[in-house]
Amino acid sequence: MPTINETQLSDVVGATAPSALVTLRDDDGDIVDLSSATFAVRVGTPGSAASFNKTTGITGGSSAPNLTIAWAATGEIGDLAAGEYTCQVETTESSLTRIFQLRLIVRPAVTAA
């Protein structure tokens, strides 16, 4: 069974999201060594098809932060409507697959007066 951990990311509608710098830990609270892992990211609403999938621009490391997700300017987080999403990060290393869930909050922008 894969390990599932959860943390939170946030963004604003229409903004260019900065890279997400995340520290993923195992069930014992130790930082997971992701330096030789491959990655697949799916963002969407649980139970529905993903709003988008991502397999590039994701790098892993062995110390905090051990995961960096570089978001594209279009076609990814910047195109999402305001709401709450799940960002599911699947890591594979040798025969071990882990799934980490990141809660993604996209907030409406404050408009000029």
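Everything here concerns the structure above.
Described below are features of the structure shown in this document. (Residues numbered from 1 in each chain as written. Predicted model: local features only at pLDDT ≥ 70, side-chain atom pairs only at ≥ 80, totals over all residues. Heavy atoms only, no water.)

### Overview of the sheet that holds strand 2 (residues 20-22)
Ordered in space as 2-6-5, the three strands form an open sheet in which the pairing is antiparallel. The open sheet has two edge strands with one neighbour each: strand 2 and strand 5 (58-60). Taken pair by pair, the neighbouring strands of this sheet meet at an average axis angle of 10 degrees, ignoring direction. By the bridge criterion, three bridges tie strand 2 to strand 6 (residues 67-69) in an arrangement that is antiparallel. Its bridge partner lying in strand 6, valine 22 is registered against leucine 67. (Pairing = 2+ DSSP bridges. Helix = DSSP H or I, 4+ residues; strand = E, 2+ residues; numbered from the N terminus. Axes fitted to C-alpha atoms, helices over the stretch in contact; angles between N-to-C directions.)

### A word on the packing of aromatic side chains
If you walk through the whole model with that rule in mind, you get one aromatic pair. Each ring, one from phenylalanine 52 and one from tryptophan 71, has its centre 6.1 Å from the other, and the planes form 90 degrees; the classification is edge-to-face. Here tryptophan 71 lies in the loop between strand 6 and strand 7 (83-93) and phenylalanine 52 lies in strand 4 (residues 52-54), a separation of 19 residues in the sequence. (Phe/Tyr/Trp six-rings, centres within 6.5 Å; stacked < 30°, edge-to-face > 60°.)

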